[in-house]
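# Understanding the architecture of this molecule
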Amino acid sequence: MRDAIRASRADYTEIRLERSWVTTVAQRGRRHEGATTGVDEGGCVRVLHRGHGWGLASFTSLEQLPAMVERARELSLAVRLDEPIPWVPVPPREDDVLLDLDGDVRGIPLDEKRSYVDRLNAAMLEYDRRIVNTKVAYRDEVTEYWYGNSEGTLLYQQRPEFTISAHAVARESGTEEQALASVGGRSGWNSARNEEDRFRAAAQRAIDLLAAPRVGDGRYPVVLDPRFAGVIAHEAIGHLSEADVILEDSQVAGMLPLGRKVGPDCLTIGDDGHVAGLRGTLPYDDEGTPTQRTLLIQHGVVVGRLHSRETAARLAEAPTGNARALSYRHPPIVRMTNTFVEHGEGQLDDLLSGIDLGVYAVDVLLGRTHLDSFSYTAGYGRMIRDGQLAEMVKGVTMAGNLFDMLGAIDRVSGDFTWTESGGGCGKEGQSPLPVAEGAPHVRVSSLSVGRPA
Amino acid sequence: MIDDVMTLACRAADQADAVVKTDSTTSLRFHDGVLQEADYSEATGANLRMVVDGRIGGAGTTTAEATALVEAAIASARVGDEQRLFYPEPAPCADPQVHDAAAAEADLDDLELGGVLIGDQLADDRTTVDLHLERSVGSVHVASTRGVDQYYEVTGVALDVTVTRTHGERPVTARAWWGGTGLLTDEDVASIVHDLQQRLAWGEAAATIPDGPAVVCLTPRAVASVLVPLRRALRGTALHYGTSPLTDKIGTRIVDERITLVDDPLLDGRPGSRPIDDEGVVCRRLPLVEAGFLRAGIYDLETAALSGVPATGHGRRTTFGKPQAAFSNLEMLPGEDSWDLLLEATGDGLVVDGFHGIGRGLTGSGAVRARASLAYRVSGGKIVGHTPDVRLSGNVFRSLERVLALGNDRPWLGSVAVPAMVVEGFHVVS
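Residues numbered from 1 in each chain as written. Chains lettered and ligands numbered in written order. Predicted model: local features only at pLDDT ≥ 70, side-chain atom pairs only at ≥ 80, totals over all residues.

### Observations regarding the overall build of chain A
Broken down by element type, chain A carries 11 helices and 24 strands. Against the compact-globule benchmark of 22 Å for 453 residues, chain A has a radius of gyration of 23 Å, which places it among compact chains. Seen through its C-alpha atoms, chain A measures out along the principal axes to roughly 70 × 55 × 35 Å. Residue burial in chain A is summarised as follows: out of 453 residues, 54% are buried. Once local pairs closer than 6 in sequence are excluded, the contacts in chain A between residues at least 24 apart make up 73%. (Helix = DSSP H or I, 4+ residues; strand = E, 2+ residues; numbered from the N terminus. Rg over C-alpha atoms; globule rule 2.2 N^0.38 Å. Buried ≥ 20, exposed ≤ 12 C-beta atoms within 10 Å, placed from the backbone. Contact = placed C-beta atoms within 7 Å.)

### What about the overall build of chain B?
Of the regular secondary structure elements, chain B holds 11 helices and 21 strands. The C-alpha atoms of chain B give a radius of gyration of 23 Å, which matches the 22 Å a tight globule of 430 residues would have. The burial tally for chain B puts 51% of its 430 residues in the buried class. Taking the contacts inside chain B whose residues are at least 6 apart along the sequence as the reference set, 71% of them involve residues at least 24 apart.

### Topic: the domain arrangement of chain A
Residue and element names in this part refer to chain A. The domain architecture assigned to chain A consists of domain 1 (2–211) and domain 2 (218–450). Relative placement of domain 1 and domain 2: their C-alpha centres are 22 Å apart. Between domain 1 and domain 2, the contact holds 34 residues from the first and 30 residues from the second. Mapped onto the side of domain 1 that touches domain 2, the elements with two or more residues apiece are strand 1 (12–28), strand 2 (31–48), strand 3 (54–59), strand 5 (131–149), strand 6 (154–172), strand 7 (175–185) and helix 5 (196–211). Counted by class, the side of domain 1 that touches domain 2 contains 15 nonpolar, 12 polar and seven charged residues. (Domains from an automatic or database assignment. Nonpolar A, V, L, I, M, F, W, Y, C, P; charged D, E, K, R; others polar.)

### Describing the interface of chain A and chain B
Taken together, the contacts link 36 residues of chain A with 40 residues of chain B. Put simply, the parts of the chain that give the side of chain A that touches chain B at least two residues each are strand 1, strand 2, strand 3, helix 2 (65–78), helix 3 (110–125) and strand 15 (357–370) of chain A. When residues in the side of chain A that touches chain B are grouped by element, the largest group, 10 residues, is from strand 2 of chain A. For the side of chain A that touches chain B, the class distribution of residues is 14 nonpolar, 14 polar and eight charged.

### Overview of helix 2 of chain A
Taking 1.5 Å of rise per residue, the 14 residues of helix 2 of chain A would be expected to cover 20 Å, and the 20 Å separating its terminal C-alpha atoms lies within 8% of that figure. Residues of helix 2 of chain A that are buried: Met-68, Val-69, Arg-71, Ala-72, Arg-73, Leu-75 and Ser-76 of chain A. If you follow the buried residues of helix 2 of chain A, they end up packed against helix 1 (2–7), strand 1, strand 2 and strand 3 of chain A together with strand 2 (34–52) of chain B. (Expected span 1.5 Å × (residues − 1).)

### Some points on the sheet that holds strand 14 (residues 338–341) of chain A
All names here are of chain A. The six strands lie next to each other as 11-10-9-14-23-20, forming an open sheet whose pairing is mixed. Across the chains shown, the open sheet's two edge strands, defined by having one partner strand only, are strand 11 (301–302) and strand 20 (417–419). Summarising the sheet, strand 14 and strand 23 (residues 436–439) pair through three bridges and their orientation is parallel. Bridge assignment links Phe-340 to a residue of strand 23, and that residue is Gly-438. Each of strand 9 (269–272), strand 10 (293–298), strand 14, strand 20 and strand 23 touches helix 6 (residues 226–240); the most contacted strand, strand 23, lies at about 120° to it. (Pairing = 2+ DSSP bridges. Axes fitted to C-alpha atoms, helices over the stretch in contact; angles between N-to-C directions.)

### Observations regarding the domain arrangement of chain B
Residues and elements named next belong to chain B. The assigned domain composition of chain B is domain 1 (2–200) and domain 2 (205–430). Summarising the inter-unit geometry, the C-alpha centres of domain 1 and domain 2 are found 22 Å apart. Tallying the contact residues gives 39 residues for domain 1 and 33 residues for domain 2. Where the side of domain 1 that touches domain 2 is concerned, the elements lending two or more residues are strand 1 (15–31), strand 2, strand 3 (55–61), strand 4 (127–144), strand 5 (149–167) and strand 6 (170–180). Top contributing element to the side of domain 1 that touches domain 2 by residue count: strand 6, with eight residues. Classifying every residue of the side of domain 1 that touches domain 2 by side-chain character gives 18 nonpolar, 15 polar and six charged.

### Regarding the sheet that holds strand 20 (residues 416–417) of chain B
All names here are of chain B. With respect to topology, six strands assemble into an open sheet ordered 10-9-8-13-20-19, the strand pairing being mixed. Among the strands making up the open sheet, the edge pair consists of strand 10 (293–294) and strand 19 (412–413). The sheet contact formed by strand 8 (residues 261–263) and strand 13 (residues 330–332) spans three bridges and is antiparallel. Pairing of Asp-263 across the sheet is with Leu-330, part of strand 13.

### Overview of the confidence of the model for chain B
Detail in the predicted coordinates should be disregarded across regions flagged by low pLDDT. Confidence in the prediction of chain B, expressed as mean pLDDT, is 94, and 98% of residues score 70 or more. Predicted complex, confidence summary: ipTM 0.90, pTM 0.92. (pLDDT = per-residue confidence, 0-100.)

### What to know about the packing of helix 1 (residues 2–12) of chain B against helix 2 (residues 66–78) of chain B
Residue and element names in this part refer to chain B. Where helix 1 contacts helix 2, the axes come no closer than 9 Å and their chain directions differ by 35°. For helix 1 against helix 2, the interelement crossing comes out right-handed. Contact with helix 1, carried on its side by Asp-4, Val-5, Leu-8, Ala-9 and Ala-12, involves Ala-66, Thr-67, Leu-69, Val-70 and Ile-74 of helix 2 and no other residues of that element. The residue inventory of the contact of helix 1 with helix 2, partitioned by class, reads eight nonpolar, one polar and one charged. (Left-handed = near helix turned anticlockwise from the far one by under 90°.)

Right, here's the structure in full:
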């Protein structure tokens, strides 16, 4: 890598090389769908010539590295820009970061992984006669990663990851309901094991939903559980805070200008790529910038944005270590890491107190945001009656205007939970990128709740 | 590499099949006709499936390590379930045109030309044009222990254009995409530009959004979106496991009698075309829905074996994971109605040109709630203006049963060709 960087004739050159060992195991109902392994090896060269654009070349054959450096140079020179691409310098560093493999998944026999997935599946399928279908998808990975650039940075990382996602389908008297469960981590076999209770709980939830009534359509005070609140922070605030989108889309740019008051004083939201052990945690981003804690909204006021080195230069701000690439096949773009809502005071009971009739929204089944509009369906809900959690309800879909919702937040609890699900973040074809969300319980004084049309 | 892999696999396997794919893709992004980004990728990937002692396993790699790949597939098979696969024998293949020499040999200047031309013709003081052009050159080599050994070369060119014209504070954004195996011709460029200009012109005036139930004219782009739940429902896996609402409905009427849907991998010059699938099954034209009646789903080898039906030649493999059934070129046969007749049938309603978000989440039942990416108000059978921020809810399967008119024009949108149609059953929601 050093030689290739040295030989490059571009003004700036960076190279990423990766080798990943991947295992997947899938089970659907009583059928084993396969346990496969793979080795994914490749690299990416990105170069910049002053007055020209980025040239990027990715490849799977490492012998091609010198040719790819030249190819990236040609592509950079083909782009002729009136204004040069700005670029915030980051002090060069050399570092080897070997994250704890936590029971290296490469040393675990495939039959042991399959047996474990069988047990997780059985925990749901054999839980109750009303569970009629299940699906479990297990994936683990260890990646060796090398990064170098012409400014002198040379990094080596070894990082593990696992995800387990499942759903249970319950059926009785013509009614069918499903519950999802997933878990993931930037860790290995030791953390992936012993998740049977989580999946048993999903089966129980699917059964409970069979008899649960639909929530009545209307406006209610709503308490969001940490998982729901974290997803909203990621989808609604996080994506609108990504500086590349802000620079490219004038509609997004107008949503969260610095200094805008969008929520109450108790609302603080940020992104932190440096929290130990979370799915979105990495010591450096894919431009060699150290990750950090970045506040986006502080006491209800927009105070920050997520940056790559280029977007930071364009907006005259500092890089935040958020330039991430899904793999060597992709360029780094501005992405979240671990997005959080900072905790406030009190516990869930304090947020429920004073609500005569409301809804407690738990987990997220599906949803979407577009600019300032959102629509999310909770995994399930509980009615709040006289300040207490009451019966389970389903069909808890909340839709409306993001800023109306933020403005209606009136309490944030003192508890806090990181959620590491088995999914990931998607943007510009790079999905699923490992991320985590963390939040306390959040109370919204009034939200439109009802069934999806 | 595939010869080494198959030689090693034959020694340990009852049966085996492999695919090795190569791909070199050049990707260019333009803004207002000026090149902004240029990327290149080249990749080789091998995917191997082995049946060892009756058990199935698989593995993939981007490396050239054939021995490691075979060992990984054997390890996978050792923990796999028993499943009998009916590997196809070698058979004569059709020879659709899937490779274009001019596209393969085009240099950067050749590729830039289309992007510059389209941008120059559309961009002005209040109109921005973002264009993404990709050219890929590759090969597919499929082999099996039954004797299949097929190699073919492919090219692909894909174009995605987004045009935004601002009327004061109101942006109108129209999108067009195009795909083929060859380079864009002057006629292609003229057609794309004309189509986009037409849709921008319809958006010059603003109009109010109707409330409640609405008759909706779906343009081909919107029809392609609403077909997503139907496409999922036609996959063999969904049909087999009962997650498709069409399970057990072969031979019954599922949509309006004017709808005929065909998957055709043998068309010349289309991006989804191929002579043989990635599992060695010879490709053929497959009617999926005929005059509203469900005729078939699409199956890979394993799902076909599970379901007790023949594989349909739709096995698609990436480097990692198992083969999956995937559509090739999906065509809906055109109807008889001109564009004017479609608007007349719409009466007082909406023209919807596309959706954000259909296909995300749980769409098995066909229920959708989505925001239109571009919509116009129709009044008295005429387009009267652009309606921003239209949200619609409904059920795709129910609306496809309530077709009021079907267009006689059927443009190709990459690997999908569908006509416009007027349907009932959608509601405008706040």
